[in-house]
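Fold and geometry: a report
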Amino acid sequence: MTSKRAALLAALLIVAQLLLVLVSWLLSATQTVGVRSLLSSEGIRWFCGRFSDVLASPLLVWLLLAAIAVGCLRDCGLLGLRRPFAYRQRIALGLSATLLLLFLVVLSALAVAPRAILLSASGRLFPSPFSASLVPALSFAIVATSLTYGIISGRYQSLRHVYESLLCGIRSAAPLFLFYVLLAQFYESLLFVVGLKPHF
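These remarks concern the structure in this document.

Cut-offs and rules
Residues numbered from 1 in each chain as written. Predicted model: local features only at pLDDT ≥ 70, side-chain atom pairs only at ≥ 80, totals over all residues. Heavy atoms only, no water. Helix = DSSP H or I, 4+ residues; strand = E, 2+ residues; numbered from the N terminus. Buried < 20%, exposed > 50% of the residue type's maximum accessible area, 1.4 Å probe, protein only. Areas by Shrake-Rupley, 256 points an atom, 1.4 Å probe, with all protein chains shown as cover. Lys, Arg positive; Asp, Glu negative; His and termini not counted. Charge placed at Lys NZ, Arg CZ, Asp CG, Glu CD. Disulfide = S-S within 2.5 Å. Axes fitted to C-alpha atoms, helices over the stretch in contact; angles between N-to-C directions. Parallel < 35°, antiparallel > 145°, perpendicular 65-115°, else oblique. Left-handed = near helix turned anticlockwise from the far one by under 90°. Contact = heavy atoms within 4.5 Å. Nonpolar A, V, L, I, M, F, W, Y, C, P; charged D, E, K, R; others polar. Expected span 1.5 Å × (residues − 1).

1. Here's the deal with the overall build of the protein
From N to C terminus, the protein includes 7 helices and 0 strands. When its helices and strands are written in sequence order, the protein yields α-α-α-α-α-α-α. The principal-axis extents of the C-alpha atoms in the protein amount to approximately 75 × 50 × 25 Å. The buried share of the protein, taken over its 200 residues, is 32%. When the accessible surface of the protein is summed, it comes to about 12700 Å², and 72% of that surface belongs to carbon and sulfur atoms. If you average the places of the 16 positive and of the 5 negative side-chain charges in the protein, the two averages end up 13 Å apart.

Pasting the structure below:
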């Protein structure tokens with residue numbers, strides 16, 4: 001998506017939020033059943049008091065971790081590998097693959113084995129601690145594998161390069177965080193207006 005289109009979409013979401021505020025006020029003024037106004041004392045208390053709670057969801061954490069992981073994977077050079085591999089690349093590739101395999105084995109042992117500790121109380125994978133930790137665990141595995149490859153292959157020469165690699169995905173995903181804030185707030189505000197969110 002181009003910057004112009006992204007800016008237009010962000011503007012549309014802001015306008016939609018403002019329209020929701022206005023429409024909720026108009027409908028509540030006409031005493032439409034089941035509609036609460038965002039401009040009432042209750043609505044203002046809810047909006048101000050729940051703003052952080054609305055944004056602080058697992059989805060935000062998953063988005064952040066996935067951005068870091070994808071950024072590391074793209075920056076470390078693994079995706080652009082071409083044969084023939086140099087000696088350091090072969091060593092780095094072997095160690096990275098071994099690390100990833102070891103991680104997957106440990107994760108499987110914690111989730112698939114009978115009475116595994118990441119299963120739910122009823123023995124299910126979904127929902128369970130395993131499903132709740134799947135995105136963070138996979139993100140960690142991708143970051144560890146990517147950094148291992150980058151360091152051993154010589155792509156990362158210093159701690160600063162590793163640090164920059166961890167940040168490059170966040171920079172690329174910055175527009176997603178803006179859209180997350182706008183969409184999450186609009187969605188939760190809509191639920192409040194139609195009476196599906198509790199009072200503050």
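2. So, the environment of Arg50
In this fold, Arg50 is placed in helix α2 (residues 41-55). On the accessibility criterion, Arg50 (29% relative accessible area) is partly exposed. The spatial distance from the C-alpha of Arg50 to the C-alpha of Leu19 is 20 Å, given a sequence separation of 31 residues.

3. A closer look at unusual backbone geometry
Following Arg83, the chain continues into Pro84 via a peptide bond in cis, with omega recorded as -5°. Within the element layout of this structure, Pro84 appears in the loop between α3 (58-75) and α4 (87-111). Omega for the bond connecting Phe126 with Pro127 falls within 30 degrees of zero, at -10°, which places this linkage in the cis form. Its location among the elements puts Pro127 in the loop between α4 and α5 (129-153).

4. Details of the state of the cysteines
Scanning all chains against the criterion turns up 0 disulfides. Just so you know, Cys76 is unpaired, no disulfide at all, and the nearest cysteine sulfur is the one on Cys72, 7.6 Å from it. On the accessibility criterion, Cys76 (0% relative accessible area) is buried. A disulfide-free cysteine, Cys168 has its sulfur positioned 6.2 Å from the sulfur of Cys72, the nearest such atom.

5. As for the packing of α4 against α5
Running from N to C, α4 and α5 point in directions that differ by 160°, and their axes come no closer than 8 Å. Classified by the angle their axes make, α4 and α5 are roughly antiparallel. Considering only the axes of α4 and α5, their crossing is right-handed. Together, Arg88, Gln89, Ile91, Ala92, Leu93, Leu95, Ser96, Leu99, Leu100, Phe103, Leu107 and Ala111 of α4 and Phe130, Ala137, Phe140, Ala141, Ala144, Thr145, Thr148, Tyr149, Ile151, Ile152 and Ser153 of α5 make up the contact between the two elements. Among the residues forming the contact of α4 with α5, the class breakdown is 17 nonpolar, 5 polar and 1 charged.

6. Let's talk about α4
In this model, α4 (25 residues) spans 36 Å end to end at C-alpha, consistent with the 36 Å of a helix rising 1.5 Å per residue. Every buried residue of α4 is listed here: Ala92, Ser96, Phe103, Leu107 and Ala111. The inward-facing, buried residues of α4 contact α5.

Just distances and angles here, no functional claims.
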